Amino acid sequence: MQSDPAQAWAPAAELERLKVLRLLDRLDGRPVSTLDALVQAARAATGRRIALVSLVDDEAAHHVSRDGLDTLSTPTALAFCSQAIRASEFFEVPDLRCDARFAQHPLVDTAQGLRHYAAAQLRVDGHALGTLCVLDHEPGPLPVPARAILMCLAEAAAQWLDLQYRHRQLETQAERLVDLVRAAGDWAWESDDHGRLIWLDGDLLRITGIDPAELLGRPMPDEPLVDSGGKELPQGGHLLDVLARRQAFTRLVTAMHGPRGRLLVSRSAQPVFDLQGRFRGYRGSARDVTGSIERDNLWRDRVALEAAQRSRSAFLSRVSHELRTPLNAILGFTQLMAMDAQHPLAAAQSQRLDGVQRAGQHLLELVDDVLEVVQLGQGGRQLANGPQTLAPLVAQALALQQVPAQAAQVSLHSSVDPTLQVLGDERAIRQVLAHLLSNAVKYNRPGGRVQVCAERQGVWVRMAVEDTGLGLETRELQQLFQPFQRAGAERRRVPGSGLGLVLVRELVSAMRGQVSASSQPGTGSRFTVELPAAEAVAPEPAAPVARRVLYIEDEPLNVLLMQEVFKARPEWELRVARDGEEGVALAQSWLPDLALIDMNLPDINGLEVLRRLRLDERTRALRCVALSADAMSEQVQAARSAGFDDYWTKPIDLNHLLVAVGQAIDGA
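Conventions used here
- Residues numbered from 1 in each chain as written.
- Predicted model: local features only at pLDDT ≥ 70, side-chain atom pairs only at ≥ 80, totals over all residues.
- Heavy atoms only, no water.
- Pairing = 2+ DSSP bridges.
- Helix = DSSP H or I, 4+ residues; strand = E, 2+ residues; numbered from the N terminus.
- Axes fitted to C-alpha atoms, helices over the stretch in contact; angles between N-to-C directions.
- Buried < 20%, exposed > 50% of the residue type's maximum accessible area, 1.4 Å probe, protein only.
- Phe/Tyr/Trp six-rings, centres within 6.5 Å; stacked < 30°, edge-to-face > 60°.

A. Summary view of the sheet that holds strand β1 (residues 50-56). Strand order in the open sheet made by the six strands is β3-β2-β1-β6-β5-β4, with antiparallel pairing throughout. One side of each edge strand has no neighbouring strand; the edge strands of this open sheet are β3 (73-75) and β4 (90-93). For this sheet the average axis-to-axis angle between neighbouring strands, irrespective of direction, equals 25°. Relative to strand β6 (residues 127-136), strand β5 (residues 116-124) runs antiparallel, the two being bridged by nine bridges.

What follows is the structure, given as structure tokens:
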């Protein structure tokens, strides 16, 4: 059957032809005895001077077998066979001088040049790869019998080449399968019908430390099956149980014990059956998955831990909110009653009110301390790490202790360089000072003294709080920083939660510092805090004080408390909005200097109120403070990230509320 030369020489077909030729891999000049014999037979049968088997690629015609010619290759443009493979299966030019295609050829256009050329195509997989050809210096066509013999010899050469091509295809396929098996696993294996390993290939020795020679000829190991976490299955089961089913399996994980210890191995395999359906064994791959399973276990543990932390945080947030909401009213109204000069209480009633206030304050401190300790322990509170000037923080902390110090007949003193700075979190430093000074006052004696001093020592600032109290025994000193260990204070009826020093330790540690204590019974105690030092920075000038305050709150008692407090500053104007929508509208029309926004409003929450205020050009720069009974760090961080300038937790200390409002207006 004749092929269409034009179609055979199309670019796509030529690419396929070259692909077959390269896979055949017979262009390197290696001698081929079979083809040599066919070439010799062709020359003898046709009586021609030269006989060749030539394979043509895109650069040259490669004469892989030759008789009567020593040349290994001819450039494609000069090769007669490059024309022959484009023509019919048999191609003959009786006189090359009379053919315009070859008359000017350098091997033809000479007195002793070539005159005759006849070729039969060598077709493999439907592609003409080359020719079996004969050439002579005498013109004239081949006799019919010689032509028939040349065609038969070409057919034999083509069949041999086709067999070589099929063989190379199988080899390539085998190489691909081996590569795929190796890609699918760290090693490949094969067993016979008795379960003995008969072949191993791959990285078994490197990964497991087991020499493959030790396993060949031996039964497959009876390894226990494990689950996705690497634990043996509760119902048991072993690898041999699965192999006994003579069924395919994938990603079966077992525990292997070897020189490298316990490894988790994932296996996949296919059963092998012969033509009669008899079982002949398994072929499969194996992969060490110990590392991936351990990483999965760590990931699952982390997810479970994060879920537990979220659950605890949500619970603590709810508890905090439910406790702080009523405490806000209790402490607020007791403070108002105590400050009411127009309707003073009788002495007995005032004493009872003081008891209520102290009990409420103690409960609030306990709630605050428990939440702080839990959040710091869980990493839920992130502390800042900026330069803080120590002197004003100490002065503020001492000012807060003036009233209890006077009541206890204790004097407060400080000697702190006004330029001394530490690296830390301002709020955390305030809390540390508050707890240490409160203890120094509570555990002192009438006529006693509290001294705060600080000095720089190299890269550290050492701050000490020293009192002249009763001091501590060695055993009591060792228990100081343990939760609810109050060093005998409960026997002396000194109020406290037993968590203050625990919180001090956690806060100082979170600021990359350390705290220590020393004491002399009968003389007093000294608590020393070391924090990283920072260079002093000149404070920025204070901004002018503003006067308008908007309070967005739906709880009537909280509104009443705020209105009563603001009566002490009649030059300040306070306006109240009872829900979020009203608050946004009032802020846009009244343009206050500060907005105090409750986070849990009946219509829209505080975050949505803030979002609307920030979107409006008139209120975009309005200073906004969030008010909430939620004291968890997640809520605080969410509010600050949303754009709130500060976050105040309820109940609010009314004695310091106006100072805090002034600072918020100033941006301090």
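B. Structural context of unusual backbone geometry. Phi is positive for R251, close to 50°, though the residue is something other than glycine. For R251, the position within the fold is in strand β9 (residues 249-258). Phi angles above zero are rare outside glycine, and L591 is one such case at about 55°. By secondary structure assignment, the location of L591 is in the loop between α17 (580-590) and β21 (594-598). For L591, a relative accessible area of 41% puts it in the partly exposed group.

C. Seen up close, the packing of aromatic side chains. A full pass over the atoms with the stated rule returns eight aromatic pairs. A ring pair is formed by F80 and F102, whose centres lie 5.4 Å apart and whose planes are at 80°; its orientation type is edge-to-face. Of this pair, F80 sits in helix α4 (residues 80-84) while F102 sits in the loop between β4 and β5, and the two are 22 residues apart along the sequence. According to the relative accessible area criterion, F80 is buried, its value standing at 7%. F102 sits in the buried class, given a relative accessible area of 3%. When the centroid spacing of 5.8 Å and the interplanar angle of 55° are considered together, the rings of F249 and Y282 count as tilted. With a gap of 33 residues between them, F249 in strand β9 and Y282 in strand β11 (residues 279-288) connect regions that are remote in the sequence.

Shape is all these values report; function is a separate question.
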